[in-house]
Amino acid sequence: MALEAYRRKRNFSRTPEPEGSDVSESSGAPRFVIQEHDASSRHFDFRLEVDGALRSWAVPKGPSTDPAEKRLALPTEDHPLDYADYEGVIPEGEYGAGTVLLWDSGTYRNLKADEDGDPISLGDQLSDGHATVWLEGEKLRGGFALTRVGEEEDERWLLVKMDDEEADARRNPVSTEPESVKSGRTLEEVAEDEAPGDEESEEGEDG
Ligand code: MN
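Residues numbered from 1 in each chain as written. Predicted model: local features only at pLDDT ≥ 70, side-chain atom pairs only at ≥ 80, totals over all residues. Heavy atoms only, no water.

## Points about the coordination of the manganese ion
Geometry sets the ideal angles at a metal, namely 109.5 degrees for four tetrahedral donors and 90 or 180 degrees for six octahedral donors. Each protein donor to the manganese ion is listed here as H37 (ND1), H43 (NE2) and D45 (OD); together their distances run 2.2 to 2.3 Å. Along the chain, the residues donating to the manganese ion fall in the pattern H-x5-H-x1-D. Judged on exposure class, the residue H37 and its partner D45 are both buried. (Donors = N, O, S within 2.8 Å, 3.2 Å for Na, K, Ca; no water. Buried < 20%, exposed > 50% of the residue type's maximum accessible area, 1.4 Å probe, protein only.)

Here you go:
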């Protein structure tokens, strides 16, 4: 049911994005993924595996490793778990049209426990409007906090690096490390390699 909005927005005979299986369960530590998305406006989609789906936020400026930087994160619909491996081009005219690059991925740990030391589930943390996780990615590591700052129609979150040994105000991975962790390609290379409509020109050349 969490994926209803995801599916309603997409025509899977046209978009190469995964439809997502109904029962999605992953083994081991929960995953996180950050996808750079060159849609009508360029942004980074931050996704956390929670209860069998990827909870998602669009972060216009992308994540920062500087604890002084608060990055706006706008909630978007849950995505299926297999979206965590997706990289490619969503065709023009389709929802989210544009290039998707797998910018970072890995696993995360829940950082919040109750007074007895039992972990508070991420679903509960997000319902309460404040969640903290430790990311183990290729580009991003360390604690990150998500804080809800607006309600209902105006729901917005802030994504902020926590002040720990992985914090680094001088690193700016969003601009200095643009390549895909899946393919090593840049956004431009993904767009070129996987541009829809390539088949037609290839046919022409072959003919
Ligand atoms: Mn997006």
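## Focus on the confidence of the model for the protein chain
In the predicted model, the protein chain carries a mean pLDDT of 91, and 91% of its residues have values of at least 70. Across residues 201-207, confidence stays below pLDDT 50; counting only partners more than four residues off in sequence or on other chains, it has 0 contacts. (pLDDT = per-residue confidence, 0-100. Contact = heavy atoms within 4.5 Å.)

## A look at the pattern of salt bridges
Overall, the coordinates contain 17 salt bridges when judged by the stated rule. A salt bridge links R10 to E17; the shortest N-O distance between them is 3.2 Å. Taking relative accessible area as the criterion, E17 reaches 4% and is therefore assigned buried. The network of salt bridges with shared partners includes E87, R185, D193 and E194. (Salt bridge = Lys/Arg side-chain N within 4 Å of Asp/Glu carboxyl O.)

## Some points on the side chain of R10
Relative to the elements of secondary structure, R10 occurs in the loop between α1 (4-8) and β1 (31-38). Every residue in contact with R10, bar those within four places of it in the chain, is listed here: T15, E17, E77, H79 and Y95. (Helix = DSSP H or I, 4+ residues; strand = E, 2+ residues; numbered from the N terminus.)

## Concerning unusual backbone geometry
The backbone of D51 sits at a positive phi, close to 50°, despite the residue not being glycine. Counting through the fold element by element, D51 comes out in the loop between β2 (42-50) and β3 (53-59).

## As for the pairing of strand β8 (residues 141-148)
Two faces, one strand: in a regular strand the side chains alternate between the faces of the sheet. With 7 bridges connecting them, strand β7 (residues 130-137) and β8 associate as antiparallel partners. Within β8, the residue paired with A131 across the bridge is L146. Taken together, β7 and the strand that follows it, β8, pair antiparallel across an intervening segment of 3 residues. Pairing of β8 with strand β9 (residues 157-161), which is carried by 5 bridges, proceeds in the antiparallel orientation. Across the sheet, residue L146 finds its bridge partner in β9, namely L159. (Pairing = 2+ DSSP bridges.)

## Focus on the packing of aromatic side chains
Aromatic ring pairs: the centre-centre distance and the angle between the two ring planes describe each pair. The tally for this structure, following the rule as stated, stands at 6 aromatic pairs. Between Y6 and Y83, the aromatic rings sit 5.9 Å apart at their centres with planes inclined by 85°, giving edge-to-face as the arrangement. In this pair, Y6 is assigned in helix α1 and Y83 in the loop between β4 (70-79) and β5 (88-90), connecting sequence segments 77 residues apart. On the basis of relative accessibility, which here comes to 0%, the residue Y6 falls in the buried class. For Y83, a relative accessible area of 2% puts it in the buried group. Measuring from ring centre to ring centre gives 5.8 Å for W57 and W157, while their planes differ by 75°; the resulting arrangement is edge-to-face. Remark: W157 occurs in strand β9 and W57 occurs in strand β3; sequence separation between them is 100 residues. Considered together, W57 and W157 belong to a single accessibility category, that of buried residues. Through a chain of ring-to-ring contacts, the aromatic side chains of Y6, F12, Y83 and Y86 assemble into a single cluster. A cation over a ring is seen here: K161 above F144, with NZ or CZ 5.1 Å from the ring centre. (Phe/Tyr/Trp six-rings, centres within 6.5 Å; stacked < 30°, edge-to-face > 60°. Lys NZ or Arg CZ within 6 Å of the ring centre and 35° of its normal.)

## Structural notes on the nonpolar core
Counting residues in each nonpolar core, the largest one holds 25 residues, and the members touching the most others are F46, L48, W57, Y108, L135 and L146. Beyond its immediate sequence surroundings of up to four residues, L48 is in contact with R31, F32, A53, L54, R55, W57, Y108, L122, L135 and L146. In this structure, Y83, A84, Y86 and L102 belong to the second largest nonpolar core, which totals 10 residues. (Core = buried A, V, L, I, M, F, W, Y, C linked by side-chain atoms within 4.5 Å.)

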